[in-house]
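Below, each chain spelled out in residue letters.
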Amino acid sequence: MKIKGTQLFVKALEQEGVDTLFAYPGGMAIDLFDALYGVESFNVVLPRHEQGLVHAADGYARATGKVGVCLVTSGPGATNLVTGIATANFDSVPLVCFTGQVPTNLIGNDAFQEVDIVGICRSICKYAVTVRRREDLGRIIKEAFYIARTGKPGPVVVDFPKDIQLALGSDEYPSEVSMRSYKPSTGVHMGQLKRAAEMLAAARRPLFLVGGGVNIAQAGESLRALVEKTHIPVITTIMGKGAIPTDNPYYIGNMGMHGNVASNTAVSECDILFSIGTRFNDRITGKISEFAKNAKIVHIDIDAASISRNIVVDVPIVADAREALAKLNEIMPEMKHDIGDWTMRLRKIREDRPIVQDGGGDVTPQDVIRAINDTFPEAIVTTDVGQNQLWTTQFLELKGRSKLLTSGGLGTMGYGLPAAIGAKLGRPELPVVCVSGDGGFQMNEQELATAVCQEIPLTICILNNCYLGNVRQWQEMFFGGKYSCTCLRKRKSCGAWCSSPNTECPPYIPDFVKLAESYGIEGIRVTKREEIPAAFARAKAKTNAPILIEFIIEKESNVLPIVPGGNALSEMVCEYKKEGN
């Protein structure tokens, strides 16, 4: 039977098991939306901006482990996806992004709302393709889903011209994929794995470094089994947090630029660093020549290009983290040395030199994150980017089904709220909490309307320090306290450039409580520590609408410890006082 390309599109989504489509209409996608009218096999979600849309699809994918799917029109609709596509690409999130396009006979003629979205996205996605022939449509969509979720997951862009949408063709949708040009890695090189296992068993100061790849591969259970078997301490990157419960006795904490002293010390002193699913980016390694310089390094990663790119390793293993850890559990020999003293040393450092909240005030970020831990023992927590993200990764406890969703590789402001919406739509049975800064929240605050219209409960926490806090911290510590364009209260009439907040500063805009009320939801402002429990109790009671809680925190609190850029992990700044204080 002959059907339109738009009808095959709907059929393809149904065949792929899509239950949620994040979509925003426009001229070159209007026929696709006409085909979606009346569809009840999946939920079509209308966000308020295409960037919010793609971040929501990203949050859905991270929360569920499924492919996130979105649809937009051509031109500005497509280009508004770019930041979200790059965000997903950095963090290996499986997305399929459909973009409308002008008819094929107009491509290249600078037609209205025409852009070469495939060319734009080619370097920031896993694969991008324009459908040129109606007979290729089913195959291309099938391949898009397959590419997005296999191997190292990532975003795929399918550009869909209007004439292909309307063209008649076969109603058959492929059941299998056969691509000679794409063969994702499968299996584990057992020789390399056995060599790594023997090195691990012989070590006196072994250490597991766990990155986001373990969470992506859903390999947490195998990791926990291996840790229980070997009693080897574990540290994580920010993206790896949650792969092992934070209350596990062998979990030492996060490492890197804002990691704890014990974890960074562990990297410097270990004799074998067994790393799984991390890219060894600069936020993790610090000064490369000093990174784990006393250790042999094993690196397991699904992406061969990530191995020995930043850190040269001794034993490279290209493999899926879950499969590799499962096999390692099977072949791991008995540990040849008692490593109890090594583990106890790291625990003692963690106890003696814990992460301590910098600054004071009536409400601190640590107070807020601890309240989230107490109120929501199992939850999905999303963050924006900046100090709010770093404080969350320092103080958040992750146990049971809890997950942390954050933009790790690209560091995208405006991610937190739409990602929370996508996460809640994908996992409605779990509480979802968004932690955002006052700056990042304003980048996609319009998505409050999406949460209201979808009738979903979210707890939205805004840590308001009146600044773009992370940049302000760097300006304070490394640029002589010159706060250039980071004060969000500064007005033209303020005159001179400022270097310190004072009582004469203008009032903050917007009023977040009134903003919440304008969207028809409850807004609460918390200015004292004793008000925190009641605010979260109100949030927990919400069943069909979001709630916004603004926490007024000290304006110049810093995230500590910090390893200044280019320094070794051992060169941590754990205390800092502003000049003149």
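Structural data are supplied above this passage.
In this text the structure is predicted, and so the values were computed from the model without any measurement. The numbers attached to residues start from 1 for each chain and follow its sequence in the written order. Two thresholds apply to this predicted model, a pLDDT of at least 70 for residue-level local features and 80 or more for giving and counting side-chain atom pairs, whereas whole-chain, interface and lining totals are computed over all residues. Side-chain measures were taken over the full set of non-hydrogen atoms in the model, leaving aside hydrogen atoms and water.

Peer 1: What exactly am I supposed to notice about the overall build of the protein chain here?
Peer 2: Only DSSP runs of H or I with at least four residues qualify as helices, and only runs of E with at least two residues qualify as strands; both kinds are numbered from the N terminus onward. Looking only at helices and strands, the protein chain has 23 helices and 20 strands in total. Relative to the 2.2 N^0.38 estimate, which gives 25 Å for 581 residues, the radius of gyration of the protein chain is 25 Å and therefore close to what a compact globule would have. Reported as C-alpha extents along the three principal axes, the dimensions of the protein chain are approximately 70 × 70 × 45 Å. A 1.4 Å probe rolled over the protein chains alone gives each residue an accessible area, and that area as a share of the maximum for its type sets the label: buried under 20%, exposed over 50%, partly exposed in between. Every one of the 581 residues in the protein chain was classed for burial, and the buried ones make up 58%. A sequence separation of at least 24 residues applies to 75% of the contacts in the protein chain between residues at least 6 apart. The atom set for the radius of gyration is the C-alpha atoms, and the globule formula is 2.2 Å times the number of residues raised to the power 0.38. Should any heavy atoms of two residues lie within 4.5 Å, those residues are counted as being in contact.

Peer 1: Sorry, what's going on with the packing of helix H3 (residues 50–64) against helix H18 (residues 416–426) here?
Peer 2: Only the stretch in contact is used when fitting a helix axis, every axis being a line fitted to C-alpha atoms; angles between N-to-C directions are given from 0 to 180 degrees. Contact geometry for H3 and H18: axes closest at 6 Å, N-to-C directions at 45 degrees. The angle between H3 and H18 places the two elements in the oblique class. Of the two possible hands of crossing, H3 and H18 adopt the one that is right-handed. Listed contacts from H18 to Gly52, His55, Ala56, Gly59, Tyr60, Ala63 and Thr64 of H3 are Pro418, Ala419, Gly422, Ala423 and Gly426. Angle categories are assigned with fixed cut-offs, so that under 35 degrees is roughly parallel, over 145 is roughly antiparallel, 65 to 115 is roughly perpendicular, and the rest are oblique. In a left-handed crossing the near helix is turned counterclockwise from the far helix by less than a right angle, and in a right-handed crossing that turn is clockwise.

Peer 1: Sorry, what's going on with the environment of Ala449 here?
Peer 2: When you line up the elements, Ala449 lands in helix H20 (residues 448–453). Residues contacting Ala449, with those up to four places away along its chain left out, are Arg48 and Tyr519.

Peer 1: Can you help me understand the packing of aromatic side chains in this one?
Peer 2: Given two aromatic rings, one states the distance between the centres and the angle between the planes to describe the pair. Only Phe, Tyr and Trp rings take part, Trp by its six-membered ring, and two of them pair if their centres are within 6.5 Å. Stacked means planes under 30 degrees apart, edge-to-face means over 60, and tilted covers everything else. Going through the model one piece at a time under the given rule, you end up with 12 aromatic pairs. Members of the aromatic cluster, connected to one another through ring pairs, are Phe9, Phe98 and Phe160. Charge-over-ring placement is defined geometrically: NZ (Lys) or CZ (Arg) within 6 Å of the ring centre, and within 35 degrees of the ring normal. Lying across the ring of Tyr250, Arg347 places its NZ or CZ 5.1 Å from the centre. The ring of Tyr467 carries the charged tip of Arg472 above its face, separated from the ring centre by 5.9 Å.

Peer 1: Which parts of the structure should I look at to understand the layout of surface pockets?
Peer 2: Which parts of space are left empty comes out when a probe the size of a water molecule is rolled across the atoms. Residues are said to line a cavity or pocket when one of their atoms sits within 4 Å of a point; the points come from a 1 Å grid over protein atoms alone, cavities being sets where a 1.4 Å probe fits but cannot get out and pockets being open sets with protein on both sides within 12 Å along at least five of seven lines. Grid points are joined across faces, edges and corners, and a volume is the space filled by probe spheres set on the points. Its boundaries defined by the atoms lining it, the second largest pocket holds a volume of some 470 Å³. What lines the second largest pocket is a set of 19 residues, among which Asn260, Arg350, Gln394, Phe395 and Glu397 lie closest to the centre. For the lining of the second largest pocket, the elements supplying multiple residues, two or more each, are strand E11 (251–254), helix H16 (365–375) and helix H17 (387–395). Here the lining of the second largest pocket takes 4 residues from E11, the largest share from any one element. Three classes are used: nonpolar for Ala, Val, Leu, Ile, Met, Phe, Trp, Tyr, Cys and Pro, charged for Asp, Glu, Lys and Arg, and polar for all others, with Gly counted as polar. For the lining of the second largest pocket, the class distribution of residues is 6 nonpolar, 9 polar and 4 charged.

Peer 1: Explain the nonpolar core here, please?
Peer 2: A general tendency of soluble globular proteins is for nonpolar side chains to be buried together. Buried Ala, Val, Leu, Ile, Met, Phe, Trp, Tyr and Cys residues that are joined via side-chain atoms within 4.5 Å together make up what is termed a nonpolar core. Within the largest apolar cluster, 52 residues are counted, with the highest numbers of intra-cluster contacts made by Phe22, Phe441 and Leu458. Ranked by residue count, the leading element in this core is H3, at 7 residues. Those residues in contact with Phe441 that sit more than four places away from it in its chain are Asp384, Leu417, Ser436, Leu448, Ile460, Ile462, Phe512, Leu515 and Leu548.

Peer 1: Could you clarify how one ought to interpret unusual backbone geometry in this entry?
Peer 2: Outside of glycine, negative phi angles account for most residues, and trans bonds account for most peptide bonds. Cis geometry marks the peptide bond from Ile509 to Pro510, where omega comes out at 0 degrees. Along the chain, Pro510 turns up in the loop between helix H21 (469–478) and helix H22 (512–518). In this structure, Gln218 is a non-glycine residue whose phi angle is positive, near 55 degrees. We classify Gln218 as partly exposed; its relative accessible area is 47%. The phi dihedral of Glu455 is positive, around 55 degrees, even though this residue is not glycine. Position of Glu455 among the secondary structure elements: in the loop between H20 and strand E18 (459–464). By relative accessible area, Glu455 is classed as exposed at 56%.

Peer 1: Please explain the sheet that holds strand E15 (residues 380–383) as it appears in this structure.
Peer 2: Hydrogen bonding along the main chain pairs the strands of a sheet, whether they run parallel or antiparallel. Ordered by their spatial adjacency, 6 strands build an open sheet running E16-E15-E17-E18-E20-E19, and the pairing between neighbours is parallel. Each edge of the open sheet carries a strand with a single partner, namely strand E16 (403–405) and strand E19 (522–526). Within this sheet the neighbouring strands show an average axis-to-axis angle of 20 degrees, counted without direction. A strand pair is defined by DSSP finding two or more bridges across the two strands. Of the pairings in the sheet, the one linking E15 to E16 comprises 3 bridges and is parallel in character. Within E16, the residue paired with Val381 across the bridge is Leu404. Across the sheet, helix H23 (residues 532–541) lies against E18, E19 and strand E20 (547–552), angled at about 165 degrees from E20, the strand it touches most.

Peer 1: Can you help me understand the sheet that holds strand E7 (residues 155–161) in this one?
Peer 2: Spatially, the 6 strands line up as an open sheet ordered E3-E2-E4-E5-E7-E6, and their pairing is parallel. Every other strand in the sheet has two partners, leaving strand E3 (43–45) and strand E6 (127–130) as the edge strands with one partner each. On average, adjacent strands in this sheet sit at an angle of 20 degrees to one another, irrespective of strand direction. Sheet analysis places strand E4 (residues 68–72) next to strand E5 (residues 95–101), joined by 5 bridges and oriented parallel. Residue pairing in the sheet places Gly68 in a bridge with Leu95 of E5.

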